[in-house]
Amino acid sequence: MENEKNNVRAHLFINYASEDYQLAEWLTLKLTNEGYAVWCDKFKLLGGESYPLDIDDAIRNQTFKVLSLLSHHSLKKPNPMKERELAIKLGNERHEEFLIPLRVDNLSSTDLDWRTTDITFIDFHKSWSDGLKQLLKKLESIDAPKPLSNGKEISAQIFLDNQIINKV
């Protein structure tokens, strides 16, 4: 992707449980379309890689913000929990807001661990479209890098490739 090598921490990393993949995929396409470089494991891992090492490197070295899809599923699965915990620890070390929680289902703040409850989430539960609008507003307010001048073409190609694969 364009400019990825120049912007070391220019990605938005999507942290999610496999049950929430449809929203993760939709969000990846929408954010890419807006010009953001998005790291989502289903798009970045080709097969054969050591995914824990790739994910760890992506979060530590390539990511500007971690977008954590919070759902009842993601609170119980070890990998999303580890990724979220790493993001919180890195944010504390760097003295920056590194994790942006996105509420996927009807979680209440009492369902969350004590470290995550301190961070205000963006609600995708009622409407993905409204959640995306709020997230884009948040990303603009923090001047999130938009390294992709061809994001619309990339997201269209990903969408078309997925449609072809799904029809086979």
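Residues numbered from 1 in each chain as written. Predicted model: local features only at pLDDT ≥ 70, side-chain atom pairs only at ≥ 80, totals over all residues. Heavy atoms only, no water.

Moving on, we come to the sheet that holds strand S5 (residues 122-123). What the five strands build is an open sheet, ordered S2-S1-S3-S4-S5; its pairing is parallel. The open sheet has two edge strands with one neighbour each: strand S2 (37-39) and S5. Pairing of strand S1 (residues 11-15) with S2 involves three bridges; the strand directions are parallel. By the bridge assignment for S2, Phe13 is matched with Trp39. (Pairing = 2+ DSSP bridges. Helix = DSSP H or I, 4+ residues; strand = E, 2+ residues; numbered from the N terminus.)

Turning our attention to the environment of Leu86. Along the polypeptide, Leu86 turns up in helix H4 (residues 78-94). Taking the C-alpha atoms as reference points, Leu86 and Asp56, separated by 30 residues in sequence, lie 8.4 Å from one another.

Further remarks concern the packing of helix H1 (residues 21-33) against helix H6 (residues 128-141). Contact geometry of H1 with H6 gives a least axis separation of 12 Å together with a crossing angle of 50°. It follows that H1 is oblique to H6 by the angle criterion. Crossing handedness for the pair H1 and H6: right-handed. When H1 is examined against H6, the residues Gln22, Leu23, Trp26, Leu27, Lys30 and Leu31 are found in contact with a partner set consisting of Trp128, Ser129, Leu132, Leu135, Leu136 and Leu139. Among the residues making up the contact of H1 with H6, the classes are represented as nine nonpolar, two polar and one charged. (Axes fitted to C-alpha atoms, helices over the stretch in contact; angles between N-to-C directions. Parallel < 35°, antiparallel > 145°, perpendicular 65-115°, else oblique. Left-handed = near helix turned anticlockwise from the far one by under 90°. Contact = heavy atoms within 4.5 Å. Nonpolar A, V, L, I, M, F, W, Y, C, P; charged D, E, K, R; others polar.)

Before going further, it helps to examine the pattern of salt bridges. The final tally for this structure, using the stated rule, is five salt bridges. The salt bridge partner of Glu96 is Arg9, with a shortest N-O separation of 3.3 Å. Separated by 87 residues along the polypeptide, Glu96 in the loop between H4 and strand S4 (99-103) and Arg9 in the segment before S1 bring together distant segments of the chain. Given the relative accessible area of 27%, Glu96 is considered partly exposed. According to the relative accessible area criterion, Arg9 is partly exposed, its value standing at 29%. Glu19 is paired through a salt bridge with Lys77; the nearest N and O atoms lie 3.1 Å apart. Here Glu19 is found in the loop between S1 and H1, whereas its partner Lys77 is found in the loop between strand S3 (63-70) and H4, with 58 residues between them in sequence. (Salt bridge = Lys/Arg side-chain N within 4 Å of Asp/Glu carboxyl O. Buried < 20%, exposed > 50% of the residue type's maximum accessible area, 1.4 Å probe, protein only.)

Ranked by internal contacts, the top residues of the largest apolar core, which has 23 residues, are Leu27, Leu31, Leu69, Leu102 and Leu135. Listed by contribution, the elements that provide at least two residues to this core are S1, H1, S3, S4 and H6. Non-local contacts of Leu102, meaning those with residues more than four positions away in its chain, are made with Leu27, Leu67, Ser68, Leu69, Leu70, Phe121, Ile122, Phe124 and Leu135. Ranked by size, the runner-up nonpolar core spans twelve residues in total, among them Trp39, Ala58, Ile59 and Ile88. (Core = buried A, V, L, I, M, F, W, Y, C linked by side-chain atoms within 4.5 Å.)

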